[in-house]
Amino acid sequence: MPLHRHNPLLRNQLWQYVQADDAAGLLSRLQGLTVAEFRTAGYLLAEDLLPQCSSQSYWHFFMTLVPAHSKAYLGTFLKAAVRLRARRQLELDMQALTAFAAKATPIDVHKTLETFLTLQLSVDEVHNLVSIFTGNQLRIAAPHLIKAGTPVAYYLLFRLLKTAEAEPELLRHYAVLLIRKGDPLSFKLASAVRQYFDLPALPGSFSLQLQPYELSRLDQGFEVFIKTIS
């Protein structure tokens with residue numbers, strides 16, 4: 001079914017609910033739409049209406065609509081979140097995300113982390129996201145952090161790898177995944193992981209060779225970590 005991006009009457013109806021901060025009313029209206037109208041509504045909400053919300057209103061709508069039917073609404077809200085964050089209008093509501101995570105499906109978790117971890121987030125924000133949605137379990141969090149590939153994501157990945165220090169094969173596994181990703185920062189982190197944990201040789205050659213005193217800097221916070229491996 002083709003997506004119709006323009007429906008002035010429907011947009012006006014939805015906008016009235018958004019302006020009134022009436023999440024329950026919006027949910028009821030969406031549930032009464034035809035399939036074609038619902039697709040248009042999703043586009044309008046993601047690209048136009050929700051990006052005009054305040055952070056507080058966004059999370060109010062999120063917590064009313066998304067838990068009601070995450071398969072139908074989560075993608076819409078994640079798209080809107082990217083636009084809001086780009087305008088610096090969205091703060092992550094960890095209380096709302098914690099409540100959502102408690103009932104989220106594995107697909108919900110995947111979509112949420114895939115979207116939020118690629119944004120420009122602080123170390124605390126990424127730490128909280130990983131804690132909320134993965135319980136800081138390395139095997140769950142690592143694939144998401146590696147895919148995101150941001151400096152903050154890699155810092156949190158390194159911190160989680162330290163929890164597996166007694167499992168060299170597991171550490172080597174993630175180092176190889178970083179190498180396979182192929183970008184400069186991934187290579188440098190793989191090299192740092194190899195040296196920090198004294199792993200056997202890894203495939204490939206590395207330009208980054210840290211001195212023993214430099215390895216200790218990896219534990220001195222995000223700014224020092226990134227400066228050291230960069």
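Reading the values: the criteria
Residues numbered from 1 in each chain as written. Predicted model: local features only at pLDDT ≥ 70, side-chain atom pairs only at ≥ 80, totals over all residues. Heavy atoms only, no water. Helix = DSSP H or I, 4+ residues; strand = E, 2+ residues; numbered from the N terminus. Buried < 20%, exposed > 50% of the residue type's maximum accessible area, 1.4 Å probe, protein only. Contact = heavy atoms within 4.5 Å. pLDDT = per-residue confidence, 0-100. Axes fitted to C-alpha atoms, helices over the stretch in contact; angles between N-to-C directions. Parallel < 35°, antiparallel > 145°, perpendicular 65-115°, else oblique. Nonpolar A, V, L, I, M, F, W, Y, C, P; charged D, E, K, R; others polar. Salt bridge = Lys/Arg side-chain N within 4 Å of Asp/Glu carboxyl O. Arc of directions from axis to C-beta. Phe/Tyr/Trp six-rings, centres within 6.5 Å; stacked < 30°, edge-to-face > 60°. Lys NZ or Arg CZ within 6 Å of the ring centre and 35° of its normal. Core = buried A, V, L, I, M, F, W, Y, C linked by side-chain atoms within 4.5 Å.

Undergrad: Help me understand the environment of valine 109 in this model?
TA: You can see valine 109 is positioned in helix α7 (residues 106–116). Note on valine 109: relative accessible area 14%, which makes it buried. When the C-alpha atoms of valine 109 and proline 51 are compared, they prove to be 22 Å apart, with 58 residues separating the residues in sequence. With sequence-adjacent residues up to four places away left out, valine 109 is seen in contact with Ala104 and Phe133.

Undergrad: Just checking my understanding: could you explain the environment of arginine 88 for this structure?
TA: Tracing the backbone shows arginine 88 in the loop between α5 (70–86) and α6 (94–101). Owing to a relative accessible area of 77%, arginine 88 belongs among the exposed residues under this scheme.

Undergrad: It is not clear to me how the confidence of the model for the protein should be interpreted in this structure. Could you clarify?
TA: As a general rule, the predicted coordinates of low-pLDDT regions are not to be interpreted in detail. Scored by pLDDT, the protein comes out at a mean of 93, with 98% of its residues at no less than 70. Within the protein, the element-level pLDDT minimum falls on helix α13 (residues 212–215), averaging 85, and the maximum on helix α4 (residues 55–65), averaging 98.

Undergrad: Explain the packing of α4 against α6 to me, please; I cannot follow it from the model alone.
TA: Two quantities define a packed helix pair, namely the angle between the helix axes and the distance between the axes. In contact at an axis separation of 10 Å, α4 and α6 are set at 10° when each is read in the N-to-C sense. Considered as vectors, α4 and α6 are oriented roughly parallel to each other. Mapping the contact onto sequence places Trp59, Phe62 and Met63 in α4 and Ala96, Leu97, Ala99 and Phe100 in α6. Considering only residue class, the contact of α4 with α6 consists of seven nonpolar, no polar and no charged.

Undergrad: What's the story with the pattern of salt bridges in this structure? I'm lost.
TA: Proximity of charged atoms lets side chains of opposite charge pair with each other. Evaluation of the coordinates by the stated rule reveals six salt bridges. Taking the shortest distance from any N to any O, the salt bridge between arginine 83 and glutamate 47 comes out at 2.4 Å. Taken as a pair, arginine 83 in helix α5 and glutamate 47 in helix α3 (residues 35–49) lie far apart in primary sequence, 36 residues in all. For arginine 83, a relative accessible area of 36% gives the class partly exposed. Accessibility expressed as a relative area gives 27% for glutamate 47, which makes it partly exposed. Arginine 139 is paired through a salt bridge with glutamate 167; the nearest N and O atoms lie 3.6 Å apart. Pair noted here: arginine 139 is in helix α9 (residues 138–148) and glutamate 167 is in the loop between α10 (151–161) and α11 (168–181), with a separation of 28 residues, a long-range link. Note on glutamate 167: relative accessible area 36%, which makes it partly exposed.

Undergrad: What should I look at first to understand helix α14 (residues 222–229) in this one?
TA: Residues lying three or four places apart along an α-helix face the same way, a consequence of the helix completing one turn every 3.6 residues. Along α14, the residues classified as buried are Phe222, Phe225, Ile226, Thr228 and Ile229. Buried positions in α14, seen along its axis, are confined to an arc of 160° and lie on one side of it. In α14, those exposed residues whose orientation departs by more than 90 degrees from the buried face are Glu223 and Lys227.

Undergrad: Explain the packing of aromatic side chains here, please?
TA: Centre distance and the angle of the planes are the two values used to describe a pair of aromatic rings. Evaluation of the coordinates by the stated rule reveals 14 aromatic pairs. Ring geometry for phenylalanine 158 against phenylalanine 225: centres 5.3 Å apart, planes inclined by 35°, an arrangement best described as tilted. One end of the pair, phenylalanine 158, is in helix α10; the other, phenylalanine 225, is in helix α14, with 67 residues separating them in the sequence. Given a relative accessible area of 0%, phenylalanine 225 falls into the buried group. In this structure an aromatic cluster arises from ring pairing among Tyr58, Trp59, Phe62, Phe77, Phe100 and Phe133. The positively charged end of arginine 5 is found above the aromatic ring belonging to tyrosine 43, 5.3 Å away from the centroid. Directly above the ring of tryptophan 15 sits arginine 11, whose terminal nitrogen or CZ lies 5.8 Å from the centroid.

Undergrad: Honestly, the nonpolar core in this entry has me stumped. Any pointers?
TA: If you look at the biggest cluster of nonpolar residues, it comprises 86 residues, and the most contacted ones within it are Tyr58, Leu145 and Leu157. Top contributing element to this core by residue count: α10, with nine residues. Setting aside residues no more than four positions away along its own chain, tyrosine 58 makes contact with Cys53, Phe77, Leu78, Ala80, Ala81, Leu84 and Leu90.

Undergrad: Would you take a moment to explain unusual backbone geometry for this structure?
TA: Peptide bonds are, in most cases, trans, and in most cases residues other than glycine have a negative phi. Look at arginine 88: it is not a glycine, yet its phi comes out positive at around 60°. A positive phi angle, close to 60°, is found at asparagine 136, a residue other than glycine. Inspection of the secondary structure assignment puts asparagine 136 in the loop between α8 (123–134) and α9. Looking at asparagine 136, the relative accessible area reads 32%, which means it is partly exposed.

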